[in-house]
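Each chain, letter by letter, is given below.
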Amino acid sequence: MNPKVDAFISNAKKWQSEIIQLRTLLLECGLTEEFKWRNPCYSFQGKNIVLIGSFAAFCSLSFFKGILLQDSNELLSKPGENSQSMRFFKFHNLEEIIEQQSIIKAYIYEAIEIEKAGLKVILKSNSDLELVEELQVALNKNPTLKTAFEALTPGRQRGYNLYFSASKQSKTRETRIEKYTQRILDGKGINDCICGLSKKMPNCDGSHKYI
């Protein structure tokens, strides 16, 4: 057991019993307990397998290569529209976990076998990314911005596109693009701090000034 996970559970405002139960199942499956991205993370021979998450409405068990799981019970969900690899269980109470523990373990063991076999997720290239119209127009008008945007990592490109497209109003989308133009030109992602790390990553403590 990792002491950082002990602290995580002690400090959790919700889902303590549920997290403890999930932790027990994961350890019983022989995974190594670590603490990454500010959450309990479980690995097999150094490869990340699954992550425990805690949210306002539910707690979760996220499989890094969840897209490769058979999911014959159709229990897994996508974290977001653009998520290509990760899939997760949602749990709303302890009883759900206890009732499904044999199924959960089966998914965990399958995830381990996927890692043993060296299977990899084939990610779609960003050439398949359909940019929101206002962003495409802005890139066509500004070759420098287009070059800077295309130089971003695929994840950063998807992050911007998702944020811009989230607004229902075209004018709002245009305003957002204008606001973030300089950040794109600077080679920063939408969640990047001035330290160069995403504010979601553990090495950035969130105390820096965000651009």
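Position numbers for residues count from 1 along each chain, tracking the sequence in the order it is written. In keeping with the predicted nature of the model, local features appear solely for residues at pLDDT of at least 70, side-chain atom pairs appear and are counted solely at 80 or more, and the whole-chain, interface and lining totals rest on all residues. Think of the side-chain values as coming from all heavy atoms in the structure, minus any hydrogens and water.

Colleague: Can you help me understand the overall build of the chain in this one?
Modeller: Secondary structure is summarised from DSSP: a helix means a run of H or I of at least four residues, a strand means a run of E of at least two, and numbering begins at the N terminus for each. Scanning the chain for helices and strands turns up 8 helices and 5 strands. For the chain, the N- to C-terminal ordering of α and β elements is α-α-β-β-β-β-β-α-α-α-α-α-α. The classification of residues rests on relative accessible area computed with a 1.4 Å probe and restricted to protein chains. Under 20% of the type maximum is buried, over 50% is exposed, and intermediate values are partly exposed. A total of 211 residues make up the chain; the buried ones form 39% of that total. The long-range fraction of contacts in the chain, counting pairs at least 24 apart against all pairs at least 6 apart in sequence, stands at 54%. Residue contacts are counted whenever heavy atoms from the two residues lie within 4.5 Å of one another.

Colleague: How do you make sense of the packing of helix α2 (residues 16-28) against helix α4 (residues 101-116) when you look at a structure like this?
Modeller: Describing two packed helices takes the angle between their axes plus the distance from one axis to the other. To get an axis, fit a line to the C-alpha atoms, keeping to the stretch in contact for a helix; angles then go from 0 to 180 degrees between the N-to-C directions. Contact pair α2 / α4: the axes reach a minimum separation of 10 Å and the direction vectors enclose 45°. Overall, the two elements α2 and α4 adopt an arrangement that is oblique. In the crossing of α2 with α4, the sense of the turn from one axis to the other is right-handed. Facing Gln-21, Leu-25, Leu-26 and Glu-28 of α2, the residues of α4 in contact are Gln-101, Ile-104, Lys-105, Ile-108 and Tyr-109. In this scheme, roughly parallel covers angles under 35 degrees and roughly antiparallel covers those over 145, while 65 to 115 is roughly perpendicular and the rest are oblique. Here is the rule for handedness: rotate from the far helix to the near one, and if that takes an anticlockwise turn smaller than a right angle the crossing is left-handed, while a clockwise turn gives right-handed.

Colleague: What am I meant to see in the nonpolar core here?
Modeller: What tends to happen in soluble globular proteins is that the nonpolar side chains get buried as a cluster. Ranked by internal contacts, the top residues of the largest apolar core, which has 29 residues, are Leu-26, Leu-31, Val-50, Leu-61, Phe-63, Phe-91 and Ile-108. Per-element accounting of this core gives the leading share, 6 residues, to α4. Setting aside chain neighbours within four positions, we find Leu-31 in contact with Leu-26, Tyr-42, Ser-43, Phe-44, Ile-49, Val-50, Ile-108 and Ile-112. Core analysis: the second largest hydrophobic core is formed by 16 residues, Leu-129, Leu-139, Leu-145 and Phe-164 among them. Take the buried residues of types Ala, Val, Leu, Ile, Met, Phe, Trp, Tyr and Cys, join any two whose side-chain atoms come within 4.5 Å, and each joined set is a nonpolar core.

Colleague: Help me out: how do you make sense of the packing of aromatic side chains in this one?
Modeller: Within a pair of aromatic rings, the relevant descriptors are the distance that separates the centres and the angle that separates the planes. Any two of the Phe, Tyr and Trp rings considered here, Trp counted by its six-membered ring, make a pair once their centres fall within 6.5 Å; the pair's planes then place it as stacked at under 30 degrees, edge-to-face at over 60, or tilted in between. A complete count under the given rule lists 12 aromatic pairs for this structure. Aromatic rings pair up to connect Phe-63, Phe-89, Phe-91 and Tyr-107 into one cluster. Whether a charge lies above a ring is judged from NZ of Lys or CZ of Arg, which has to be within 6 Å of the ring centre and within 35 degrees of the ring normal. Above the face of the Phe-58 ring, Lys-90 is positioned so that its terminal group lies 4.9 Å from the ring centre. A cation sits over an aromatic face here: Arg-176 above Tyr-163, 4.3 Å from the ring centre.

Colleague: Even after reading the chapter, I still don't get the pattern of salt bridges, so can you show me in this structure?
Modeller: A side chain of one charge can pair with a side chain of the opposite charge when the charged atoms of the two come close. Only one rule defines a salt bridge in this text: a Lys or Arg side-chain nitrogen within 4 Å of an Asp or Glu carboxyl oxygen. Under the defined criterion, the tally for this structure stands at 8 salt bridges. One salt bridge connects Glu-134 with Arg-173, and the closest N-O pair in it is separated by 2.9 Å. Of this pair, Glu-134 sits in helix α5 (residues 133-141) while Arg-173 sits in helix α8 (residues 170-185), placing them 39 residues apart in sequence. A single burial state applies to Glu-134 and to Arg-173, both of which are buried. Residues participating in the shared-partner salt-bridge network are Asp-6, Arg-23 and Glu-33.

Colleague: Please clarify how the side chain of Asn-161 should be interpreted in this entry.
Modeller: The residue Asn-161 is located in helix α7 (residues 154-165) in this model. There is a polar contact of 2.9 Å between the side chain of Asn-161 and the backbone nitrogen of Val-132. Not counting residues up to four positions away in its chain, the partners in contact with Asn-161 are Leu-129, Glu-130, Leu-131, Val-132 and Leu-135. By the criterion applied in these results, polar contacts are pairs of N or O atoms within 3.5 Å in which, for protein atoms, one can donate a hydrogen and the other can accept it, and in which residues neighboring in sequence qualify only through two side-chain atoms.

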